[in-house]
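Commentary on secondary and tertiary structure
Here is how the chains run, residue by residue.
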Amino acid sequence: MLEGYKKETLCIQSGWKPVNGQPRVLPIVQSTTFKYDSSEQMGRLFDLEESGYFYTRLQNPTNDYVAQKICDLEGGAAAMLTSSGQAANYYAIFNICQAGDHMILSATVYGGTFNLITVTMKKMGIDCTIVDPDAPEEELAAAFKDNTKCVLAETIANPALVVLDIEKFARQAHAHGVPLIIDNTFPTPINCNPFAWGADIITHSTTKYMDGHAMSVGGAIVDSGNFDWESQADKFPGLTTPDDSYHGITYTQKFGKAAYITKATAQLMRDLGSIQSPQNAFLLNVGLETLSLRMERHCYNALRVAEYLESHEKIAWVNYPGLKSSRYYELAQKYMPKGTCGVISFGLKTGRNGARDVMDKLKLAAIVTHVADARTCVLHPASHTHRQMSDDQLTKAGVAPDLIRFSVGLEHIDDIIADLMQALC
Ligand SMILES: *Cc1c(COP(=O)(O)O)cnc(C)c1O
């Protein structure tokens, strides 16, 4: 940890800190395995008696330096990288939930997360109650059951752009003795630190702004170290009772604030193996170095585009939490005073068919299944990412059938607006 430094500095300096004679730039440790001189030492590594690398399916130094940087940016206690954002959310939940357990999910989460939890994890025996992120506190409270183990929501929902009342969710999670997991992909730690508002665990799809150049798929999990697992020992036996697969280690006793991440690495990475490749971690680190600069420009450009669209006679509605007209403006100002994200959504007066026409006329903004990178891109969720959802599910997820998701890139703002202008005329 680089104490006291600002985020701009952490983006550059945190993680890999070379000592005398070492490479200035983070090395890629392109090795599946690591050599030891005594078999006894290797044995101690396997028992988690000693820390050290032995096989890249579990841990790799390149990954760990990058995870450390993300951990510092979020103000966490421990972190790990995963091969994708999907793997990050899966591990974050599965680390503390098992068959027979229950969790609470915000209705507006990313479609991939929604499917992961309501389809695949349901088959694994983990039940879930879906709640409206804007629900009054009593309604939220009523969703908890005796076997509820966690709550998951997004700081800014993709693509609904609902800004979460993090404190409301944290209050209810803690009142019921469970942690709040926040997917902080859209604002990134540059614009929001959910730990400061009561979140316990943060996940990221690093594929988005953190990488920032659409180069590699990846994810991260950060633990604040604040949730007191011991005080809810009967709810979280995986953390608070001996792990037979590691010679009877009890994670909370042996690893303290790193218990949750150590368990996710030692058990889930060992058994499921969704490790990020060291090559991708290296690229992610390059992206992280400019994250603060890029977020500032993404937010500046997005606000200009949102204001332009709001004033256009062919546009029916614009949703961007940075706009004064947004119902989430106040919440966004409180949690993200520097800006929210570069993604906006809007609908045309000509509806669903009009959306298709405008998208086909755009020249600079490309139609791609991606958001949050340097290049402006556009997507129609109802016909692309969310096409498996019914109209009713779409509406509940905050995705209107006419919604165009516009991810504002880093090109000059005049060129982005000119592209929209010609497509809309
Ligand atoms: C993209 C995304 C994910 C999934 O991440 P992948 O890296 O594509 O697996 C999860 N959450 C949010 C908010 C996302 O935008």
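Reading the values: the criteria
Residues numbered from 1 in each chain as written. Predicted model: local features only at pLDDT ≥ 70, side-chain atom pairs only at ≥ 80, totals over all residues. Heavy atoms only, no water. Pairing = 2+ DSSP bridges. Helix = DSSP H or I, 4+ residues; strand = E, 2+ residues; numbered from the N terminus. Contact = heavy atoms within 4.5 Å. Axes fitted to C-alpha atoms, helices over the stretch in contact; angles between N-to-C directions. Core = buried A, V, L, I, M, F, W, Y, C linked by side-chain atoms within 4.5 Å. Buried < 20%, exposed > 50% of the residue type's maximum accessible area, 1.4 Å probe, protein only. Domains from an automatic or database assignment. Phe/Tyr/Trp six-rings, centres within 6.5 Å; stacked < 30°, edge-to-face > 60°. Lys NZ or Arg CZ within 6 Å of the ring centre and 35° of its normal. Near = heavy atom within 4 Å. Polar contact = N/O pair within 3.5 Å; in protein donor to acceptor, adjacent residues only side chain to side chain. Areas by Shrake-Rupley, 256 points an atom, 1.4 Å probe, with all protein chains shown as cover. Nonpolar A, V, L, I, M, F, W, Y, C, P; charged D, E, K, R; others polar.

Considerations on the sheet that holds strand β9 (residues 343–348)
Pairing is mixed in the open sheet, where five strands are placed in the order β8-β9-β12-β11-β10. Lying at the two open borders of the sheet, with one neighbouring strand each, are β8 (315–319) and β10 (366–367). Summarising the sheet, β10 and strand β11 (residues 377–379) pair through two bridges and their orientation is parallel. The partner of Ile367 across the bridge, within β11, is Val378. In the packing of helix α13 (residues 291–310) onto the sheet, the strands contacted are β8, β9 and β12 (404–407), and the crossing angle to β9 comes to about 15°.

Side note on the nonpolar core
One recurring pattern in soluble globular proteins: nonpolar side chains tend to sit buried together. Counting residues in each nonpolar core, the largest one holds 105 residues, and the members touching the most others are Ile93, Leu180, Ile221 and Tyr260. There are two domains that each give this core at least three residues, and those are domain 1 (7–286) and domain 2 (292–423). Residues within four places of Tyr260 in sequence aside, it is in contact with Tyr91, Ala92, Ile93, Asn95, Ile96, Ile201, Ile221, Asp223, Trp229 and Leu239. By size, the runner-up hydrophobic cluster in this structure holds 28 residues, among which are Val358, Ala365, Ala423 and Leu424.

Some thoughts on the packing of aromatic side chains
Pairs of aromatic rings are described using the distance from one ring centre to the other and the angle between the two planes. Scanning all chains against the criterion turns up 12 aromatic pairs. Considering the side-chain rings of Phe227 and Trp229, the 4.7 Å spacing of their centres and the 55° angle between planes classify their relative orientation as tilted. Side by side, Phe227 and Trp229 carry an identical accessibility label, which is buried. Their ring planes at 80° and their centres at 5.0 Å tell us that Trp229 and Phe236 sit as a pair that is edge-to-face. According to the relative accessible area criterion, Trp229 is buried, its value standing at 5%. In textbook terms, an aromatic cluster arises when at least three aromatic residues are bridged by ring pairs, as seen for Phe227, Trp229, Phe236 and Tyr260. Positioned over the ring face of Tyr110 is Lys208, at 5.1 Å from the centre of the ring.

A few points about the site of the ligand
In the vicinity of the ligand, 16 residues are found, and the nearest of them are Asn158, Asp183, Ser205, Thr207 and Lys208. Gln86 is positioned with one of its backbone polar atoms (N or O) 2.9 Å from an oxygen atom of the ligand. Between the ligand and the protein, one listed contact pairs a nitrogen atom with a side-chain N or O atom of Asp183 at 2.7 Å. Here the ligand, which alone exposes 380 Å², has 93% of that area covered by the protein. Broken down by element, the shell around the ligand gets its largest block of residues, three residues, from helix α4 (residues 85–94). Its residues placed into classes, the shell around the ligand shows three nonpolar, 10 polar and three charged.

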